[in-house]
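Working through the structure, step by step
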Amino acid sequence: MKPFRIIYRSIRDSFKSVLRNFSLSMASIICTTITLILVALAIIVTVNVNYVTKTMEEELTIVAYANKETTSDEINEIETKIKNISGVKEVVYKSKEEWRVEMKNNSPTLKVTLDYLESNPLLDSFVITVEDVEDLAPTARLIREIEHIESASYGEGMVEEIIGVFNIIKTVTIAIVIALVVVTAFLISNTIKLTIFSRRSEIEIMRLVGSSNISIKLPFVFEGFLLGLVGSFIPIIITVYGYIIAYEKLGGTVSFGVIELVNPMPFVLYTSIVLVVIGSVVGMIGSARAVRKYLKI
Amino acid sequence: MKFIQIKNCYKVYKNGVTAIADLSLDINKGEFVFVIGASGSGKSTLIKMLYREEKPTKGIVEIGGINVGKIRNRTVYKLRRKLGIVFQDFKLLPKLTVYENVAFALECIGMKSSEIRPKVLKALEHVGLKEKVRSFPNELSGGEQQRVCIARAIVNDPKLLICDEPTGNLDPKTSQEIMNVLDDINKNLGTTIIMATHDKDIVNKMKKRVITLDSGVLFEDHEKGSFKISETI
Ligand SMILES: Nc1ncnc2c1ncn2[C@@H]1O[C@H](COP(=O)(O)OP(=O)(O)O)[C@@H](O)[C@H]1O
Ligand SMILES: [Mg+2]
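Residues numbered from 1 in each chain as written. Chains lettered and ligands numbered in written order. Predicted model: local features only at pLDDT ≥ 70, side-chain atom pairs only at ≥ 80, totals over all residues. Heavy atoms only, no water.

1. Some words on the overall build of chain B
Where we set the bar: A run of H or I in DSSP becomes a helix once it reaches four residues, and a run of E becomes a strand once it reaches two; helices and strands are each numbered from the N terminus. C-alpha atoms define the radius of gyration in this analysis, and the globule rule sets the expected value at 2.2 Å times the number of residues to the power 0.38. Think of it in three bands: with a 1.4 Å probe and only protein chains considered, a residue is buried below 20% of the maximum accessible area for its type, exposed above 50%, and partly exposed in between. We call two residues contacting when some pair of their heavy atoms lies within 4.5 Å. In this charge count, Lys and Arg are treated as positive and Asp and Glu as negative; neither His nor the chain ends contribute. Charged groups are reduced to one reference atom each: NZ for lysine, CZ for arginine, CG for aspartic acid, CD for glutamic acid.
The number of helices and strands found in chain B is eight helices and 10 strands. Computed over the C-alpha atoms, the radius of gyration of chain B is 17 Å, within 12% of the 17 Å expected from 2.2 N^0.38 for a compact globule of 233 residues. With respect to the three principal axes, the spread of C-alpha positions in chain B is 45 × 40 × 35 Å. In chain B, buried positions account for 53% of the 233 residues. Of the contacts formed within chain B by residues at least 6 apart in sequence, a portion of 68% connects residues at least 24 apart. For chain B, the distance from the average site of its 38 positive side-chain charges to the average site of its 28 negative ones is 7 Å.

The structure is reproduced here in structure tokens:
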């Protein structure tokens, strides 16, 4: 029963302490709130950038053309060879006949020209999607080496540039999230240190009358947990309502429909959980570190 | 049987000050001992080694067969639960009532509320403060505050009560009242009491064993001694 009593008293004391040191508690809650709002913003940006990157990357393909005189057996052979390249996700074959029909349907001028020609001047082709955009260049190189392949291209140069930019955006936003989490930890730890400093005589007495270290530590750890938890309420409300409203106002897209946004559900739920966890865990760690100084462990 | 045994004990602080040098003494169960000496003679250091706030640099400090200097920081609390400690500066929590201050010591060690109540009331009765349970420390006189501290120190029935200048902040009359309370605890509860002081009148009046320190060295150890240090200074 004794451990339960110690835990119960720790929780009770942590509530008491938050109320007794009200202004200090408010200060650390506000600090947490502000940093967690920034964390939430950074998470929203990161996740959306990632999402956009993903969708754009999925649209990047290699188009390969077979030589003019390729037989249908050879076409099948080429298709298997491409499929066997590691990292290739999908290969779609489009014959020159299909191309001709499609082109004629699309443009009346082309229809006249194509009808005028006796033989089909177009080439059989393959559209290849890869698992990872980084594989585009090496895969295209391998395809070019296959017999009867005339050419294989994926918009060289432009693609590399886009991937480069996306990678920079990803790294920067992730770095910002990590930096903000560290800042939050630092702020909570410091405000708990102030709380503990204002209660050092209480800790001294606890030590003198024979409190075990754990029972001295627990109320402060709960207090840090409580401050972090309360500090994450407003950021969560802002995230949930802010994102849902913004998403609806914008119709799910930014930049005139070019960039698609992540659907609010369940995204805002996950973000809220992340905020609660960051707030409370960081609060607990911060206060545990702060109290250790007074405990000669 | 020797309750407290100190053997060839030294305490050298990190700054190089030797606060206790080659101290050896025994204290029996139920004794009332004064530790006297000029300011800086090492009284507080000796007291601190008894409740393991400081470790001896060399030598042995033993209480009830336990080598106190060997106790690890993590388990010091087990020793503290068997001791009562009283200081010059009271160390009461200003936002708690008299009752809560005394109960605090038992709550800290995880005792049940139903067990805490009778113990706290008994301790407060012992120091004559039963009518003041609801008062806050700032509503009490210095002597009353010190009696709350004594109640808190004895509430868990310790075998040993350690006092570092408990009358240092009090006028002579109040000091005498505190001494009466301590003497009563020593006689009626059988608690061993070690009290550091430089209050000449009290030492002379109480006629107890007196251990005199001089620059950390044992200068004199007298049964029913008196305050001799005043002559040497
Ligand atoms: N924590 C400490 N660090 C360094 N020196 C100390 C410390 N505590 C006490 N001293 C020194 O040790 C000597 C004895 O001090 P103390 O035990 O407090 O004496 P008393 O209680 O008899 O006045 C003094 O010279 C004092 O300056
Ligand atoms: Mg002293």
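After presenting the structure, the write-up continues.
2. Re the pattern of salt bridges
Pairing between side chains becomes possible if they bear opposite charge and their charged atoms approach one another. Residues and elements named next belong to chain B. For clarity, the cut-off: By convention in these notes, a salt bridge is any Lys or Arg side-chain nitrogen within 4 Å of a carboxyl oxygen on Asp or Glu.
The tally for this structure, following the rule as stated, stands at 21 salt bridges over all chains. A salt bridge links K119 to D157, with the shortest nitrogen-to-oxygen separation between them at 3.1 Å. Placement of K119 in helix α4 (residues 113–126) and of D157 in the loop between α5 (142–154) and β7 (160–164) is noted, with a sequence separation of 38 residues between them. What makes K119 partly exposed here is its relative accessible area of 24%. Measuring nitrogen to oxygen at the nearest pair gives 2.9 Å for the salt bridge that ties K208 to D183. With a gap of 25 residues between them, K208 in the loop between α7 (200–206) and β9 (209–214) and D183 in helix α6 (residues 172–189) connect regions that are remote in the sequence. Judged by relative accessible area, D183 falls into the buried class, the value being 16%.

3. Things to note about the sheet that holds strand β3 (residues 125–130) of chain A
All names here are of chain A. So the rule is basically this: Paired strands, as defined in this entry, are two strands with at least two bridges between them according to DSSP. As a rule, the C-alpha atoms of each element are fitted with a line to give its axis, helices using only the stretch in contact, and angles between N-to-C directions run from 0 to 180 degrees.
Strand order across the open sheet formed by four strands is β2-β3-β1-β4, with antiparallel pairing between neighbours. The open sheet is flanked by β2 (88–94) and β4 (149–153), the only strands paired with a single partner. Each strand axis lies, on average, 20 degrees off the axis of its neighbour in the sheet, ignoring direction. Note: β2 against β3, six bridges, orientation antiparallel.

4. Focus on the layout of surface pockets
The criterion, for reference: Cavities and pockets were defined on a 1 Å grid built over protein atoms only: a cavity is a set of grid points that admits a 1.4 Å probe from which the probe cannot escape, a pocket is an open set flanked by protein on both sides within 12 Å along at least five of seven lines, and lining residues are those with an atom within 4 Å of any such point. Grid points are joined across faces, edges and corners, and a volume is the space filled by probe spheres set on the points. In the scheme used here, Gly and all other residues not listed as nonpolar or charged are polar, with Ala, Val, Leu, Ile, Met, Phe, Trp, Tyr, Cys and Pro taken as nonpolar and Asp, Glu, Lys and Arg as charged.
The calculated volume of the largest pocket comes to roughly 620 Å³. Along the wall of the largest pocket there are 25 residues; nearest its centre are A:R20, A:E202, B:L93, B:L96 and B:F104. Sorting the residues of the lining of the largest pocket by element identifies α1 (2–20), α8 (200–209) and α9 (213–231) of chain A together with α3 (98–108) of chain B as the ones contributing at least two each. Class assignment of the residues belonging to the lining of the largest pocket gives a composition of nine nonpolar, six polar and 10 charged.

5. A short note on the confidence of the model for chain B
Note the cut-off: Every residue carries a pLDDT, the predictor's confidence in it, which falls somewhere between 0 and 100.
Mean pLDDT for chain B: 93, with 97% of residues reaching 70 or above. Here the prediction assigns the complex a pTM of 0.73, and the interface score ipTM is 0.89.

6. Here we look at the sheet that holds strand β8 (residues 192–196) of chain B
All names here are of chain B. Across the sheet, six strands lie side by side as β6-β7-β8-β3-β9-β10; this open sheet has mixed pairing. At either margin of the open sheet sits one strand with a lone partner, and together these are β6 (83–87) and β10 (217–222). Neighbour to neighbour, the strand axes of the sheet diverge by 15 degrees on average, direction disregarded. In this structure, β6 lies alongside β7, joined through five bridges in parallel fashion. Of the residues in β7, the one forming a bridge with F87 is D164.

7. What about the packing of aromatic side chains?
Residues and elements named next belong to chain A. What counts here: Whether two aromatic rings pair depends on their centres lying within 6.5 Å, for rings of Phe, Tyr and Trp, where Trp uses its six-membered ring; planes under 30 degrees apart make the pair stacked, over 60 edge-to-face, and the rest tilted. Geometrically, a charge over a ring is one whose NZ (Lys) or CZ (Arg) sits within 6 Å of the ring centre while staying within 35 degrees of the ring normal.
Under the defined criterion, the tally for this structure stands at five aromatic pairs over all chains. On the numbers, 5.4 Å between centres and 45 degrees between planes, the contact of Y93 with F126 is tilted. Of this pair, Y93 sits in strand β2 while F126 sits in strand β3, and the two are 33 residues apart along the sequence. Take Y93: its relative accessible area is 27%, and that puts it in the partly exposed class. Relative to Y247, the ring of Y243 has its centre 6.3 Å away and its plane inclined at 35 degrees; by these criteria the two rings are tilted. Of this pair, Y243 and Y247 are both found in helix α10 (residues 233–250), four residues apart, which corresponds to roughly one turn of the helix. There is no split in this pair, since Y243 and Y247 are both buried. A connected cluster of aromatic rings, assembled from ring pairs, spans Y243, Y247 and F267. Sitting over the face of the ring of W99, K94 holds its NZ or CZ atom 4.2 Å from the ring centroid.

8. What to know about the interface of chain A and chain B
Note the following rule: For any pair of parts, buried area is found by adding up, for both, the accessible area (1.4 Å probe) each one loses once the two are put together.
Facing 20 residues of chain A, the contacting portion of chain B comprises 25 residues. Counting the surface lost from both chain A and chain B, the interface buries some 2000 Å², and carbon and sulfur atoms represent 52% of this. Looking only at chain A, the three residues that lose the most surface to chain B are A:R9, A:I205 and A:L208, adding up to 29% of its buried area. Our enumeration of links across chain A and chain B arrives at three salt bridges. The shortest N-O distance in the salt bridge between A:R207 and B:E53 comes to 3.5 Å.

9. Notes on the confidence of the model for chain A
Mean pLDDT for chain A: 82, with 96% of residues reaching 70 or above. For chain A, per-element mean pLDDT is lowest for strand β5 (residues 253–254) of chain A, which scores 70, and highest for α10(A), which scores 90.

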